[in-house]
Amino acid sequence: MLGQNPRKGVTHSHEEVAAELADVVFTALVAIESLGLDARSVVTACAAKVESRIAQ
């Protein structure tokens with residue numbers, strides 16, 4: 001929400017930042033599928049890895 005120039009202050013809303021992050025997620029899912037992999041399986045495996053780190 002804050003750019004490189006601190007004098008400009010807040011430049012985007014939470015909703016705009018969230019929309020950009022959603023674009024990144026969607027693009028990543030498409031990229032995974034374009035590699036011939038199942039995005040659901042890849043994301044599930046990643047979630048399990050992160051969950052195991054949290055549980056430690």
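Placed above this text is the structure.
Read on for an overview of the structure.

Calculation notes
Residues numbered from 1 in each chain as written. Predicted model: local features only at pLDDT ≥ 70, side-chain atom pairs only at ≥ 80, totals over all residues. Heavy atoms only, no water. Helix = DSSP H or I, 4+ residues; strand = E, 2+ residues; numbered from the N terminus. Rg over C-alpha atoms; globule rule 2.2 N^0.38 Å. Buried < 20%, exposed > 50% of the residue type's maximum accessible area, 1.4 Å probe, protein only. Patch = residues over 30% accessible without salt bridge, like charges linked within 9 Å, V, L, I, M, F, W, Y side chains within 5 Å. Areas by Shrake-Rupley, 256 points an atom, 1.4 Å probe, with all protein chains shown as cover. Salt bridge = Lys/Arg side-chain N within 4 Å of Asp/Glu carboxyl O. Lys, Arg positive; Asp, Glu negative; His and termini not counted. Charge placed at Lys NZ, Arg CZ, Asp CG, Glu CD. Polar contact = N/O pair within 3.5 Å; in protein donor to acceptor, adjacent residues only side chain to side chain. Axes fitted to C-alpha atoms, helices over the stretch in contact; angles between N-to-C directions. Contact = heavy atoms within 4.5 Å. Nonpolar A, V, L, I, M, F, W, Y, C, P; charged D, E, K, R; others polar. Expected span 1.5 Å × (residues − 1).

Overview of the overall build of the protein chain
Item 1. The number of helices and strands found in the protein chain is two helices and zero strands.
Item 2. Here the protein chain has a C-alpha radius of gyration of 16 Å; the compact-globule value for 56 residues is 10 Å, and the former is much larger.
Item 3. Projected onto its principal axes, the C-alpha coordinates of the protein chain cover approximately 45 × 35 × 20 Å.
Item 4. The burial tally for the protein chain puts 4% of its 56 residues in the buried class.

Things to note about a negative patch on the surface
Item 1. Together, Glu15, Glu16, Glu20 and Asp23 make up a negatively charged patch on the protein surface.
Item 2. Within the fold, glutamate 16 resides in helix H1 (residues 14-34).

Notes on the environment of serine 52
Item 1. For serine 52, the location among the structural elements is in helix H2 (residues 39-55).
Item 2. Judged by its relative accessible area of 38%, serine 52 falls in the partly exposed class.
Item 3. From its side chain, serine 52 meets the backbone oxygen of lysine 49 in a polar contact 2.7 Å long.

What to know about a nonpolar patch on the surface
Item 1. A contiguous nonpolar surface patch, about 220 Å² in accessible area, is contributed by Val25, Leu29 and Val43.
Item 2. By the secondary structure assignment, valine 25 is in helix H1.

As for the packing of H1 against H2
Item 1. Where H1 contacts H2, the two axes come as close as 9 Å, and the packing angle between them is 115°. Along the contact surface, H1 presents Leu29, Ile32 and Glu33, while H2 presents Ala39, Val42 and Val43.
Item 2. Considered class by class, the residues forming the contact of H1 with H2 number five nonpolar, no polar and one charged.

Structural notes on H1
One full turn of an α-helix is made of 3.6 residues, so residues set three or four places apart face in the same direction.
Item 1. Over its 21 residues, H1 runs 30 Å from end to end, which matches the ideal 30 Å to within 8%, given 1.5 Å per residue.
Item 2. Directly after H1, the chain includes glycine 36, whose backbone phi takes a positive value near 85°.

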